[in-house]
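Per-entry structural report
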Amino acid sequence: MHEAAEVSPLSAIAEVVKRRIFAVQDYALLCFRAMANIATPPRYLAETLDQMDVIGVGSLPIVMLTGFFIGAVMVLQTASQFERFGQTALTGDVVAIALVRELGPSISALLVAGRNSSGIASELGSMVVTEQVDAMRAMGTDPIRKLVTPRVVATILMLPLLTAVADFVGLVGGFLVSNLELRLNPVQYWTRAIDALEFGDLIQGLTKPLIFGFILSTVGCYQGLKVRGGTQGVGRATTQAVVVASVLILVVNFFLTRFLLWIFR
Amino acid sequence: MSPNAASEPVIAFEGVRISFDEGEALRGINLRVAPQETKILVGETGSGKTLLLKLAAGLLRPDAGRVVVLGQEISAMREKDLLDFRRQIGFVFQEGALFDSLSVEENVAYRLREEGADEAEIEERVREALRFVELEHAIDKLPGELSGGMRRRVSIARALISAPPIVLYDSPTAGLDPVTAQTIITLILRLRDTHGVTALLATHRLQDAFAMAHYRFDPESGRVAPVAPNGASAGPMTSFAVLCDGAVYFEGDHRAIAECQDSYVQKFLV
Ligand SMILES: Nc1ncnc2c1ncn2[C@@H]1O[C@H](COP(=O)(O)OP(=O)(O)OP(=O)(O)O)[C@@H](O)[C@H]1O
Ligand SMILES: [Mg+2]
């Protein structure tokens, strides 16, 4: 302890940076091994289907509910602007483009991160502290293969589907509001909404959830597997997983958008 | 010294050291377990018993020194190879470490299912293992519905399902009442004397350890009987290692430990 007091601030910072770098390295290694496992047997198909059910079907209600209201509120907001120029017909375009390119993917990813990154982290974390992960290894099972890979694969497969559902329900929400509030003609709304979307928008809308799904599941697994220190550690890992996954999703979203816009423009 | 002790050890620790942020937890351990021997590790809490067992199963790697099991240096093996290697090791965890979302049957059958055995064989072997620990009736329960002693027994059944030649017991009687503890010890005796396993057993309770040295399971009568009074050489090999603060403090057979006057060793005798 005495020595610790004399450590210069510089070396304390170096220590923190070193730890961060090791953490990133561990995370990268986990991601690599989780994906590499797909190439070789044994593959845990039953676990993967199970997780697809938990993550995909389980998240469906909240994704639909939020998708609906996001679409609805967007019409309210944009319409009040468009009304000033008498251009309410354009609401379909705006809702479609904003939902498919941006809001659908990021809102779904954030919701699923809140629901499943935390769920994965607490489940794996509890398994670590009760030595179930060690027991697995002791019986010759690779925990990354059995626990991480199925969760990552399931999330990567399910998030694009959830996003597509959110996009669609959002458009429906937008339609209802535009029809009831603005008296917008249904044909007008839907044709404008669908015509506004270009191929690039759809690619953008589907690439993002693939990558967000990868992020939110690997972060959850990483936080869960590195739990130390009992129940409290599990709690910390759970919060940490949601925070890290959400921030990472939003940051990556920016760069990914930049990249995709560069490709499709 | 019994004749077996001279032959190749099944488990050997050679100058094993491991440290954590808080400091060195194992400080140069040298220990050998001969074929069919039961080595009992005694030591107060935090002395490094669990660490030693995890090293023997390759669940941890030493910072220095070697761990050799069945002639293979597991401390230098890749995790991928270790996963296969551990088929020969049964591990009974300190708190049981049962998969709490799987039933007793699924827990015990876990290893066989992973290896892809066929269901008829699994069913038979699971029943046999559960019969061995006298828990056949609990086959469909979840671990959360079992008592502590029952959980420990399921954990033993799970470890012995693949009939491994080596079994590592981490404090199998810790936190159990004396009667239940006795049942567990009887089980371990039976496993030793009917299956001839090599074992490392960590415990706080030296009376368990003495029971292991003084009694044997007689397969003919199906009971536990005292080892022949004309000397322990007729009985199974049991030896002791007392750990203190990450180092081997004392090593010897049950007579040596009973006669030992050292105050740290004496602490475990009362
Ligand atoms: N993962 C870990 N991180 C940090 N320190 C650890 C870790 N595992 C063990 N230790 C330390 O190593 C020492 C030995 O621990 P170990 O679990 O082997 O003790 P033990 O003899 O099994 O005790 P008990 O009888 O209570 O089970 C302890 O001081 C413990 O704090
Ligand atoms: Mg222990």
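Above this note sits the structure.
A brief structural summary. Within each chain, residue numbers correspond to sequence positions counted from 1 in written order. Working convention: letters from A go to chains and numbers from 1 go to ligands, in the order in which they are written. Only residues with pLDDT of 70 or above have their local features reported here, since the model is predicted, and side-chain atom pairs are shown and tallied only from 80 upward, although totals for entire chains, interfaces and linings are computed over all residues. Note that water and hydrogens are dropped before the side-chain values are worked out from all heavy atoms of the structure.

Looking now at the site of ligand 1. Residue and element names in this part refer to chain B. To be near a molecule or strand, a residue needs just one of its heavy atoms within 4 Å of it. Residues in close proximity to ligand 1 total 13 residues, the closest being T45, G46, K49, T50 and Q94. Within 3.5 Å is the distance limit for a polar contact, defined as a pair of N or O atoms, with the added protein rule that one can donate a hydrogen and the other accept it, and that residues adjacent in sequence qualify only through two side-chain atoms. Note that an oxygen atom of ligand 1 is positioned 2.7 Å from one of the side-chain N or O atoms of K49. Compared with its free state, where it exposes 630 Å², ligand 1 has 64% of that area covered by protein. Of all the elements, helix α1 (residues 49-56) adds the most residues to the shell around ligand 1, at 3 residues. Of the residues contributing to the shell around ligand 1, the split by class is 3 nonpolar, 7 polar and 3 charged. Method for areas: the Shrake-Rupley scheme with a 1.4 Å probe, in which residue coverage is limited to the protein chains shown. Helical segments are the DSSP runs of H or I of at least four residues, strand segments are the runs of E of at least two, and each set is numbered from the N terminus. Under the convention adopted here, Pro, Cys and the residues Ala, Val, Leu, Ile, Met, Phe, Trp and Tyr are nonpolar, Asp, Glu, Lys and Arg are charged, and Gly plus all remaining residues are polar.

The next subject is a positive patch on the surface. Residue and element names in this part refer to chain A. Patch criteria: residues need more than 30% relative accessible area and no salt bridge. Like-charged residues are merged within 9 Å; nonpolar side chains of Val, Leu, Ile, Met, Phe, Trp and Tyr are merged within 5 Å. When a carboxyl oxygen of Asp or Glu lies within 4 Å of a side-chain nitrogen of Lys or Arg, that pair is called a salt bridge. His is not counted, nor are the chain ends; Lys and Arg add positive charge and Asp and Glu add negative charge. Lysine's charge is taken at NZ, arginine's at CZ, aspartate's at CG and glutamate's at CD. Together, R20, K226, R228 and R236 line one region of the surface with positive charge. Counting through the fold element by element, K226 comes out in the loop between α8 (199-225) and α9 (230-264). The class for K226 is partly exposed, based on a relative accessible area of 42%. Categorising residues by exposure relies on relative accessible area from a 1.4 Å probe, with only protein chains included: less than 20% of the type maximum marks a residue as buried, more than 50% marks it as exposed, and the intermediate range marks it as partly exposed.

With 20 residues of chain B at the interface, the matching set in chain A holds 16 residues. A simple way to read buried area is as the amount of 1.4 Å-probe accessible surface that goes missing from two parts once joined, with both sides added. Between chain B and chain A the total buried area reaches about 1,600 Å² when both faces are included, carbon and sulfur atoms providing 51% of it. Of all residues in chain B, L83(B), F99(B) and Y110(B) bury the most surface against chain A, accounting for 30% of the area lost on that side. Applying the counting rule to chain B against chain A returns 4 salt bridges. In this structure, K54(B) engages D134(A) in a salt bridge whose closest nitrogen and oxygen atoms are separated by 3.1 Å. At the junction of chain B and chain A, the tally comes to 11 residue pairs in polar contact (both at pLDDT 80 or more). Elements that contribute at least two residues to the side of chain B that touches chain A include exactly α2 (79-85), β6 (89-92) and α3 (104-114) of chain B. Throughout, a residue-residue contact means that at least one pair of heavy atoms, one from each residue, lies within 4.5 Å.

Residues and elements named next belong to chain B. With 5 of 5 residues buried, strand β7 (residues 166-170) is to be regarded as a mostly interior element. Here β7 shows a buried face lined by I166, L168 and D170 and a second buried face lined by V167 and Y169. Whether two strands pair depends on DSSP finding at least two bridges between them. Here β6 pairs with β7 via 4 bridges, running parallel. Bridge assignment links I89 to a residue of β7, and that residue is I166. Handedness of a crossover is defined as follows: with both strands directed away from the viewer, a clockwise route from the first strand across the helix to the second makes it right-handed. For the crossover that starts at β7, traverses helix α6 (residues 178-195) and ends in the parallel strand β8 (residues 198-203), the hand is right-handed.

All right, on to a nonpolar patch on the surface then. Residues and elements named next belong to chain A. A cluster of nonpolar side chains, contributed by F199, F259, W262, I263 and F264, occupies part of the molecular surface with about 590 Å² of accessible area. Per-element accounting of the nonpolar patch gives the leading share, 4 residues, to α9. Tracing the backbone shows F199 in helix α8.

We now examine the packing of helix α4 (residues 91-129) of chain A against α8(A). Residues and elements named next belong to chain A. Angles here are taken between N-to-C directions and fall from 0 to 180 degrees, while the axes themselves are lines fitted to C-alpha atoms, restricted in helices to the stretch in contact. At a minimum axis separation of 7 Å, α4 and α8 run at an interaxial angle of 20°. The angle between the axes of α4 and α8 places the two elements in the roughly parallel class. Relative to α8, the crossing made by α4 is right-handed. Residue composition of the contact of α4 with α8, grouped by class: 15 nonpolar, 9 polar and 4 charged. Throughout, the term roughly parallel applies to angles under 35 degrees, roughly antiparallel to angles over 145, roughly perpendicular to angles from 65 to 115, and oblique to all others. The sense of a crossing depends on the near helix, which, turned anticlockwise from the far helix by less than a right angle, makes the crossing left-handed and, turned clockwise, makes it right-handed.

Further remarks concern the side chain of R137(A). Here R137(A) is to be found in helix α5 (residues 132-138). The buried category is assigned to R137(A), whose relative accessible area is 15%. A distance of 3.2 Å separates the side chain of R137(A) from the side chain of E79(B), its partner in a polar contact.

Attention shifts here to the sheet that holds strand β12 (residues 247-252) of chain B. Residue and element names in this part refer to chain B. The 6 strands are arranged β6-β7-β8-β3-β11-β12 in an open sheet whose pairing can be described as mixed. The sheet is open, and its two borders are formed by β6 and β12, each paired with just one other strand. Along the sheet, successive strands turn relative to each other by an average axial angle of 15°, direction set aside.

That's the geometry; what it means functionally is another story.
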